[in-house]
2 protein chains.
Amino acid sequence: MTDGPAATPDRRPGGRTARVRAQVLDAVRAELAERGHEGLTVEGVATRAGVHRTTVHRRWHDVGGLLVDVIDAAGEADWRPPDTGSLHGDLTALNEEIQQSLVVQPSFAVALMAASFHSERAARAQTRLWADRYAQCEILVERAAARGELPCGRTDAHALLIAATAPLYHRLVLLRTAADPHLPERSATAAVAAAKAGAFSL
Amino acid sequence: MTDGPAATPDRRPGGRTARVRAQVLDAVRAELAERGHEGLTVEGVATRAGVHRTTVHRRWHDVGGLLVDVIDAAGEADWRPPDTGSLHGDLTALNEEIQQSLVVQPSFAVALMAASFHSERAARAQTRLWADRYAQCEILVERAAARGELPCGRTDAHALLIAATAPLYHRLVLLRTAADPHLPERSATAAVAAAKAGAFSL
């Protein structure tokens, strides 16, 4: 857990430092979603957050620092993978959450991906966040194995999770096709079928 | 087929107009791969192509016009989907081609994706190119069905192709993981297993 790249020593949960960070990061998310990565400026963020520009400069230095911290904050959020009682249900619920984050207008998730193409620091922060999220989701595969839903022997949980989720990102972010309400479930179905056939067995 | 957004009426195959276009588009690809989308300028392209700046301005107008034409040119190239004799072989070969285009340094394909996050015209051109390529690949699924490799009834060829290829883009472009030489074949295996289990049946 981090409280920002240049956290001051007087921070305490709920204190002024935490409050300022929350205000500034809310402003970054809003600016990013509305204006995209190119429109993000320290000045714009400070104005929207209602804090002085020098406060933002001192703590986050520049736009790159703001991007890294907003991505780190997403990783700190108390996210839990779904737990519906079946692998198919869990992957469908996960995919519905992903689809929702990608199709909402404006999409903060898509804006972050765009930013990571243009900022090496943002890209590294985002890579860490994705790695954490996929690691958190491995429990879905462990639970499915414990319930006897998967073939005997070990399953490559990461490969299974990528197979289930990748079509959503590919269609919605890269191919820019319209959202299909059936896609979360269909993509889950395909990944479960491949897993049951042993395609992800180690 | 188009010869550029503002082709002049005197163009002929192999003529001066076609030659200038080839030189300019080669320069766009090289600049894009080396400097990325932000580093692309009409001046830089003209200098590298050895043509006058006004020639580029007159025919392509601006960086957006250059991007659209380089994407359109990729669509005009005589690309054929693999034909190895099995669906698994075809999808593996297709994935190997995709992986190669994404990991080569510098990657023109990744530079184009980055550009499409920042230029609506480039994004539309790229969406058309992807749609064409996936449509061209549907023959792989038709051939597999004719060989009896798929369950009876119709298969959603597009969904199968997305399932097979999406993990490569997701891992290499968005998650930025290192290339895995086994990934093209493994992703093909998972998609074929799901298809045989009827996950893409219509």
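Here is what the cut-offs are and how they apply
Residues numbered from 1 in each chain as written. Chains lettered and ligands numbered in written order. Predicted model: local features only at pLDDT ≥ 70, side-chain atom pairs only at ≥ 80, totals over all residues. Heavy atoms only, no water. Phe/Tyr/Trp six-rings, centres within 6.5 Å; stacked < 30°, edge-to-face > 60°. Helix = DSSP H or I, 4+ residues; strand = E, 2+ residues; numbered from the N terminus. Buried < 20%, exposed > 50% of the residue type's maximum accessible area, 1.4 Å probe, protein only. Arc of directions from axis to C-beta. Least-squares fit on C-alpha atoms with pLDDT ≥ 70 in both. Contact = heavy atoms within 4.5 Å. Salt bridge = Lys/Arg side-chain N within 4 Å of Asp/Glu carboxyl O.

(A) Here's a closer look at the packing of aromatic side chains. Under the defined criterion, the tally for this structure stands at three aromatic pairs over all chains. Arranged with centres 5.0 Å apart and planes meeting at 40°, the rings of Phe117(A) and Phe117(B) form a pair that is tilted. One end of the pair, Phe117(A), is in the loop between α6 (108-116) and α7 (120-146); the other, Phe117(B), is in the loop between α6 (108-116) and α7 (120-146), on a second chain.

(B) Inspection of helix α3 (residues 53-60) of chain A at higher detail. All names here are of chain A. Along α3, the residues classified as buried are Thr55, Val56, Arg59 and Trp60. What you see down the axis of α3 is that its buried residues fit within an arc of 95°, all on one side. Phi turns positive, to about 70°, at His61, one or two residues after α3.

(C) Inspection of the relation of the copies chain A and chain B at higher detail. Aligned on chain B, chain A shows an RMSD of 0.0 Å; the corresponding rotation is 180° and the shift along the axis is 0.0 Å. On this basis, the relationship between the two copies can be described by a two-fold rotation axis. Among all residues of chain A, the one whose C-alpha sits closest to the rotation axis is Ala194(A), at a distance of 2.3 Å. Comparing contact sets, 100% of the residues at the interface of chain A also lie at the interface in chain B, consistent with an isologous, same-surface contact.

(D) Spatial organisation of the pattern of salt bridges. Counted under the stated rule, the structure contains 29 salt bridges over all chains. One salt bridge connects Arg53(A) with Glu43(A), and the closest N-O pair in it is separated by 3.6 Å. Of this pair, Arg53(A) sits in helix α3 while Glu43(A) sits in helix α2 (residues 42-49), and the two are ten residues apart along the sequence. The partly exposed category is assigned to Glu43(A), whose relative accessible area is 34%. With its nearest N and O atoms 2.9 Å apart, the salt bridge here joins Asp69(B) to Arg21(B). Here Asp69(B), found in helix α4 (residues 63-76), pairs with Arg21(B), found in helix α1 (residues 16-35); they are 48 residues apart in sequence, far enough to count as distant. The class of Asp69(B) is buried, set by a relative accessible area of 0%. Beyond isolated ion pairs, a larger network of salt bridges with shared partners links Glu31(A), Glu34(A), Arg35(A) and Arg48(A).

So far we have only geometry, and geometry alone does not tell us how the molecule works.
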